[in-house]
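Descriptive analysis of the structure
Chain by chain, the residues run as shown.
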Amino acid sequence: MPYSGKSEYSHGIQAYFWEMTEDSDTLQAMCAENGLPTDCEAKAESRRREIFAERLSLRHIFSENTSLEHNTDLAPLLARTDSRISIAHARGRLCVAVSQAITAFGIDLETYRPRVLNVRTGYLSETERRWIGETSVMAHIVAWTAKEAVFKAISDRSLVSDYCNQIVLLPYELDELKATELISGAKPGGCGVMTINHEARFETRSYSLLTEISAGYIFTLAVEL
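Let me sum up the structure you'll find in this document. Quick caveat: nothing in here was measured; it's all calculated off a predicted structure.

Turning our attention to the overall build of the chain. Counting secondary structure elements, the chain contains six helices and 11 strands. In terms of overall dimensions, the chain is globule-like: its C-alpha atoms have a radius of gyration of 18 Å, near the 17 Å expected for 225 residues. Projected onto its principal axes, the C-alpha coordinates of the chain cover approximately 50 × 40 × 35 Å. Buried residues in the chain amount to 48% of all 225 residues. In the chain, once contacts between residues fewer than 6 apart in sequence are set aside, the share between residues at least 24 apart is 51%. For the chain, the accessible surface area stands at approximately 11100 Å², while carbon and sulfur atoms represent 48% of it. Looking at charge distribution, the chain has the averaged site of its 23 positive side-chain charges lying 2 Å from that of its 31 negative ones.

Looking now at unusual backbone geometry. For H11, which is not glycine, the phi dihedral falls at a positive 60 degrees. As for its position among the elements, H11 is in the loop between β1 (3-8) and β2 (14-19). A relative accessible area of 39% means that H11 is categorised as partly exposed. With a phi close to 45 degrees, R91 is a non-glycine residue in the positive phi region. Residue classification places R91 among the exposed positions, given a relative accessible area of 63%.

Glancing now at the environment of L56. Looking at the element boundaries, L56 is found in helix α2 (residues 45-62). What makes L56 buried here is its relative accessible area of 10%. Those residues in contact with L56, other than ones at most four positions away along the chain, are M1, L27, M30, C31, N34 and L36.

Below, the discussion takes up the sheet that holds strand β10 (residues 205-214). Taken together, the five strands give an open sheet; going across it, the order is β7-β11-β10-β9-β8, and neighbouring strands pair in antiparallel fashion. Looking along the sheet, the strands with just one partner apiece sit at the ends: β7 (105-110) and β8 (167-169). Neighbouring strand axes in the sheet, compared pairwise and without regard to direction, differ in orientation by 25 degrees on average. Pairing of β8 with strand β9 (residues 194-202), which is carried by three bridges, proceeds in the antiparallel orientation. Of the residues in β9, the one forming a bridge with L169 is A200. Sheet contacts for helix α4 (residues 137-154): β7, β8, β9, β10 and β11 (217-224); angle to β7, the most-contacted strand, approximately 145 degrees.

So, on to the pattern of salt bridges. As enumerated under the stated definition, the model contains eight salt bridges in all. The shortest N-O distance in the salt bridge between D108 and K152 comes to 3.7 Å. Of this pair, D108 sits in strand β7 while K152 sits in helix α4, placing them 44 residues apart in sequence. Owing to a relative accessible area of 4%, D108 belongs among the buried residues under this scheme. R130 is paired through a salt bridge with E126; the nearest N and O atoms lie 3.4 Å apart. Taken together, the residues R130 and E126, both in helix α3 (residues 126-132) and four residues apart, mark about one turn of the helix. A single salt-bridge network, built from bridges that share partners, covers R47, E50 and E54.

Glancing now at the nonpolar core. One finds V150, I167 and I213 to be the most contacted residues of the largest nonpolar core, which totals 33 residues. Those elements that provide at least two residues to this core are α4, β8, α6 (176-184), β9, β10 and β11. Ranked by residues supplied to this core, first place goes to α4 with 12 residues. Ignoring any residue separated from it by four or fewer positions in sequence, one finds I167 in contact with E128, K147, V150, F151, I154, V160, D162, R201 and F202. Grouped together as the second largest cluster of nonpolar side chains are 18 residues, L27, C31, I61 and L94 included.

For the rest of this paragraph, the subject is the packing of α4 against α6. As a packed pair, α4 and α6 sit with axes 9 Å apart at the nearest point and diverge in direction by 75 degrees. Taken together, the axes of α4 and α6 lie roughly perpendicular to each other. Across the interface between the two elements, V137, M138 and A139 from α4 touch E176, A179, T180 and I183 from α6. Considering only residue class, the contact of α4 with α6 consists of five nonpolar, one polar and one charged.

Rules behind the numbers
Residues numbered from 1 in each chain as written. Predicted model: local features only at pLDDT ≥ 70, side-chain atom pairs only at ≥ 80, totals over all residues. Heavy atoms only, no water. Helix = DSSP H or I, 4+ residues; strand = E, 2+ residues; numbered from the N terminus. Rg over C-alpha atoms; globule rule 2.2 N^0.38 Å. Buried < 20%, exposed > 50% of the residue type's maximum accessible area, 1.4 Å probe, protein only. Contact = heavy atoms within 4.5 Å. Areas by Shrake-Rupley, 256 points an atom, 1.4 Å probe, with all protein chains shown as cover. Lys, Arg positive; Asp, Glu negative; His and termini not counted. Charge placed at Lys NZ, Arg CZ, Asp CG, Glu CD. Pairing = 2+ DSSP bridges. Axes fitted to C-alpha atoms, helices over the stretch in contact; angles between N-to-C directions. Salt bridge = Lys/Arg side-chain N within 4 Å of Asp/Glu carboxyl O. Core = buried A, V, L, I, M, F, W, Y, C linked by side-chain atoms within 4.5 Å. Parallel < 35°, antiparallel > 145°, perpendicular 65-115°, else oblique. Nonpolar A, V, L, I, M, F, W, Y, C, P; charged D, E, K, R; others polar.

Here's what the structure looks like:
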């Protein structure tokens, strides 16, 4: 499971990235070699890979047997530690973000997917659809990752009865051409990162959003202010 590196953000948040190149059987064997649990109730190959990769990643981060638990909304929790955690997957890439700060945060990770335009009414409010427009794939993916990151930061699904209208994105600017060139690797020196700083609100809470667009992926971090 090749390690892609670590990025550090405000509030002591550290995001670790891996490429999940192995199949689930190989990752399961790697867990056994490291003294980690090898049980897995998931049937789908993709989910099995994610579960085993998460266990291996936690061993890398904490160098001990820190188990991953979930609350009633399936939000991840770390046993025997004060650290907060958020996890995201996207087509073979895994990101685990942790922080010892009390501040609530969430992350999301996506690949370039034009079909995001086909489901825009499922996650954008009417106001958001107007200022984002109808054709920018990148702007829609940024919006998708932003809302997912905020949703994870809220960590309580019962509070969100209207995903489209309760999580409110403030308008942001995006250079569609440069972002598309960057994520496709067509931009010269294609290892660069485009950064977008924007904001969101949920009821009386405000969130700072940081979106990074790099070759192959869009990553967004939401931090409650």
